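Listed below, chain by chain, are the residues.
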Amino acid sequence: MTQEPTPTADTVRQLVRTLLKDSAADGAGPEIRPVAEGGEHATWWVGSRHVLRLAPNREAALRQRRELRLRDLVRPTLPVAVPTSVAYGEWAPGLTYTLDTKVPGRSGEDQDVSAVGEADLAGLLTGLREVPARQAETLGVPRTAPRSLESLRRAAERAAERLAAADEFDPARLHQLTPPGAVQLAAQSGTAVLVHHDLKGEHLVVSADGRVRGVLDWTDAVVGDPAEDIAGLALAVGSPAAVRAATLAGYGARPCLRGLWLARCDTVIRLADHLKGRDTGPLPLLRTQLRRTWEAILLERVTELRDAGGAGTGHGHQDAEL
């Protein structure tokens, strides 16, 4: 199998010099430096106004081509910015790049989201639901089946025992999600929408006043379970804020709770995997995401949910801390 080339600073410098000829005419050209967060793409800051993303392999190149078309599709329906490509091509045979405009703001990992920012997130979820799923699929966005929350719960229980041995987590906390509860929170048929599928903090651009100004990296988008994006927001901004945003977007108790428990189980499993050397994510970030997803919320009891369509909270109005 042929080894894919690895982009270097010289690779980036030469490409930038070609793309931004006017900037390079006065000598050294714009400063380039690698982006610390992320890593799926070789990503570089180019001066103060651009970001260069190089697909490291052919699968990533395929997803990057799809992403460029998808961003054009979603842009009209979203209340937040989506990066615009000012140049696109191949940096090596079969391997693509895109030079994007930088969305002003800070990473969601470095800047808290305000109450008004939660409304921005609600608008994001609403806008994604309004994108015609068939159009997204025509662009090559895959349709994925909902995950089994019961299977995930069992995997999280095993992971929680490993975390307990390392004094990282109390496995009794997972007992809040019972097997019947996991079954009741199964995804409802006919609810698939366009899902960003990677709404973690580093992909949210947040301004100094806590407004969400943009959403980055659409390469993992799918047509599927909207609870996955609610789960992503729980990792990024905490469970209470994620549920408030989803509720404001019109999602009822079932998809909110489903997203919450997807996130909780995922973070337990990922932290346990890291401790066994199977996850390369930064340990402080994994611990922070675990803490965020396990923040308590007030929502209706799972056993009292009767909204088969997931649009309301059904009957019974006893609040329970979950």
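This text follows the structure it describes.
1. A few points about the overall build of the protein chain
- Broken down by element type, the protein chain carries 11 helices and 12 strands.
- Within the protein chain, buried positions represent 50% of all 322 residues.
- A fraction of 71% describes how many contacts in the protein chain between residues 6 or more apart in sequence connect residues 24 or more apart.

2. Considering the sheet that holds strand E2 (residues 42–46)
- Pairing is antiparallel in the open sheet, where 5 strands are placed in the order E1-E2-E3-E5-E4. Pairing within the sheet leaves two strands with one partner each, and these edge strands are strand E1 (32–34) and strand E4 (85–92). When strand polarity is set aside, the average angle formed by the axes of neighbouring strands in this sheet is 25°.
- In terms of strand pairing, E1 meets E2 through 3 bridges, oriented antiparallel. In the sheet register, Arg33 faces E2, and the bridge partner there is Trp45.
- Here helix H3 (residues 58–74) sits on the sheet in contact with strand E3 (50–54), E4 and strand E5 (95–101), set at roughly 35° to E5.

3. So, the environment of Gly140
- Here Gly140 lies in the loop between helix H5 (133–138) and helix H6 (149–165).
- For the pair Gly140 and Leu62, spaced 78 residues apart in the sequence, the C-alpha separation amounts to 9.6 Å.

4. A look at unusual backbone geometry
- With phi around 75°, His197 is a residue other than glycine that occupies positive phi space.
- Tracing the backbone through its elements, the reader meets His197 in the loop between strand E7 (193–195) and strand E8 (204–206).
- The exposure class of His197 is partly exposed, given its relative accessible area of 35%.
- The backbone of Asp217 shows a phi angle near 55°, a positive value even though the residue is not glycine.
- Looking at the secondary structure, you find Asp217 in the loop between strand E9 (212–215) and strand E10 (222–224).
- Owing to a relative accessible area of 14%, Asp217 belongs among the buried residues under this scheme.

About the criteria used
- Residues numbered from 1 in each chain as written.
- Predicted model: local features only at pLDDT ≥ 70, side-chain atom pairs only at ≥ 80, totals over all residues.
- Heavy atoms only, no water.
- Helix = DSSP H or I, 4+ residues; strand = E, 2+ residues; numbered from the N terminus.
- Buried < 20%, exposed > 50% of the residue type's maximum accessible area, 1.4 Å probe, protein only.
- Contact = heavy atoms within 4.5 Å.
- Pairing = 2+ DSSP bridges.
- Axes fitted to C-alpha atoms, helices over the stretch in contact; angles between N-to-C directions.

The analysis is restricted to geometry; functional conclusions fall outside its scope.
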